[in-house]
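Structural description and commentary
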Amino acid sequence: MKVLAFSGSPIRDGNLEKAIKEILAAVGEPSEFIRLAELQIRPCLACRKCVETNRCIQKDDMSVLLDRIREAPALIIGGFPTFFSLNALTKTFIERLSALKHNHMLTRGKLGISVACGFRDAGKVLDYLNSFFDWFQMIRIGSLQVPGCMPCLTCGFGEKCAYSNVKICYGDDAKINPAMFPSQEQQQQTLKEARRLGEHLRGKLYELR
């Protein structure tokens, strides 16, 4: 059985993925890192065909993942905020997990860690993910908020666009500068906390044996 870690970010090797991988490295148990952006995951159809069997009738990558999640002792789920809430891809993934909760709650007792990355509203993402773990009767052993930077800093128009978060957060005449990005100290502290979470998860997995 493997600890499964899911990243809902389309940005390869971004701050979110680095933090999740640091957690896995510290776990020291069989594990797998999965990028949701590389999979075909359709939205839940609300057809309720999974109620009796706990199996989704849709034939996409999520149907395969559900079988693997059944066996996993722990899940790490990472997402980021878009428009004040959890991003759509991660939310679609979570909604499809509803196939596992009908009648038997197949996620009961699994361990869970939530990870959120964003320059703002990351706390709302953590609240959402933590509520999911509670609703699916999993054991939340920790969460991690990862510093991120606003997309406007790197889109090329951050200083010109009238709707840029650079202007909203720093004023109409603001110029992009290094202080607007997460500092090296912040990043190192985040990775340290990620390692601590991974070690904590390793201990909890040992207790379950």
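Everything here concerns the structure above.
Our subject in this report is the structure included herewith. Sequence order sets the numbering: in each chain, residues are counted from 1 along the sequence as written. Per-residue local features of the predicted model are confined to residues with pLDDT of at least 70, and side-chain atom pairs are confined, for both listing and counting, to 80 or more; whole-chain, interface and lining totals are unaffected and use all residues. Note that water and hydrogens are dropped before the side-chain values are worked out from all heavy atoms of the structure.

**Here's the deal with the pairing of strand 1 (residues 3-7)**
Moving residue by residue along a regular strand, the side chains alternate between the two faces of the sheet. Burial of strand 1 is extensive: five of the five residues sit out of reach of the surface. Pairing of strand 1 with strand 2 (residues 31-35) involves five bridges; the strand directions are parallel. Bridged to Ser7 within strand 2 is Arg35. If the strands point away from the viewer and the path from the first strand over the helix to the second runs clockwise, then the crossover is right-handed. Put simply, DSSP H or I for four residues or longer makes a helix, DSSP E for two residues or longer makes a strand, and each gets a number counted from the N terminus. Following the chain from strand 1 across helix 1 (residues 15-27) to the adjacent parallel strand 2, one finds a crossover that is right-handed. Two strands are said to pair when DSSP picks up at least two bridges between them. Two strands pair when backbone bridges link them, and strand 1 and strand 3 (residues 74-79) are joined in this way by four bridges, in the parallel orientation. Three labels apply to residues, based on accessible area from a 1.4 Å probe with only protein chains included: buried if under 20% of the type maximum, exposed if over 50%, partly exposed otherwise in between.

**What about the pattern of salt bridges?**
One speaks of a salt bridge when a side-chain nitrogen belonging to Lys or Arg is within 4 Å of a carboxyl oxygen belonging to Asp or Glu. In the structure shown here, the tally under the stated rule is 15 salt bridges. Salt-bridge contacts for Arg195 lead to Glu22; the nearest nitrogen and oxygen are separated by 2.8 Å. Placement of Arg195 in helix 6 (residues 184-208) and of Glu22 in helix 1 is noted, with a sequence separation of 173 residues between them. Residue Arg195 is classed as partly exposed on the basis of its relative accessible area of 33%. Across the pair Glu193 and Arg196 runs a salt bridge, and its minimum N-O distance is 2.8 Å. A residue pair is termed a helical-turn pair when its members lie 3 or 4 positions apart in one helix, as Glu193 and Arg196 do in helix 6 at three residues. Among the residues examined, Glu193 registers a relative accessible area of 24% and is labelled partly exposed. Taken together, the shared-partner salt bridges in this structure form one network comprising Arg12, Glu17, Arg35 and Glu38.

**Overview of the sheet that holds strand 1**
What the five strands build is an open sheet, ordered 2-1-3-6-7; its pairing is parallel. The strands lining the two open edges of the sheet, one partner per strand, are strand 2 and strand 7 (139-147). The mean inter-strand angle of the sheet, taken between neighbouring strand axes irrespective of direction, is 15°. Note on definitions: a residue-residue contact is assigned when non-hydrogen atoms from the two residues lie within 4.5 Å. Helix axes use the C-alpha atoms of the stretch in contact, all axes being lines fitted to C-alpha atoms, and the angles between their N-to-C directions lie in the range 0 to 180 degrees. Packing of helix 6 onto the sheet brings it into contact with strand 1, strand 3, strand 6 (111-118) and strand 7, and relative to strand 7 it is tilted by some 165°.

**Quick word on helix 1**
If you check helix 1, its first and last C-alpha atoms are 19 Å apart, about what 13 residues at 1.5 Å a residue would give, namely 18 Å. Elements that come into contact with the buried residues of helix 1 comprise strand 1, strand 2, strand 3, strand 6, strand 7 and helix 6. After helix 1 finishes, the residue Gly28 shows a positive phi value of roughly 65°. To estimate how far a helix should reach, multiply one less than its number of residues by 1.5 Å.

**With respect to unusual backbone geometry**
Keep in mind that most residues, glycine aside, have a negative phi and that most peptide bonds are trans. Even without a glycine there, the phi angle at Phe83 is positive, about 50°. Structurally, Phe83 is set in the loop between strand 4 (81-82) and strand 5 (85-86). For Phe83, a relative accessible area of 77% puts it in the exposed group. Even without a glycine there, the phi angle at Asn103 is positive, about 65°. The residue Asn103 is located in the loop between helix 3 (88-96) and strand 6 in this model. According to the relative accessible area criterion, Asn103 is exposed, its value standing at 64%.

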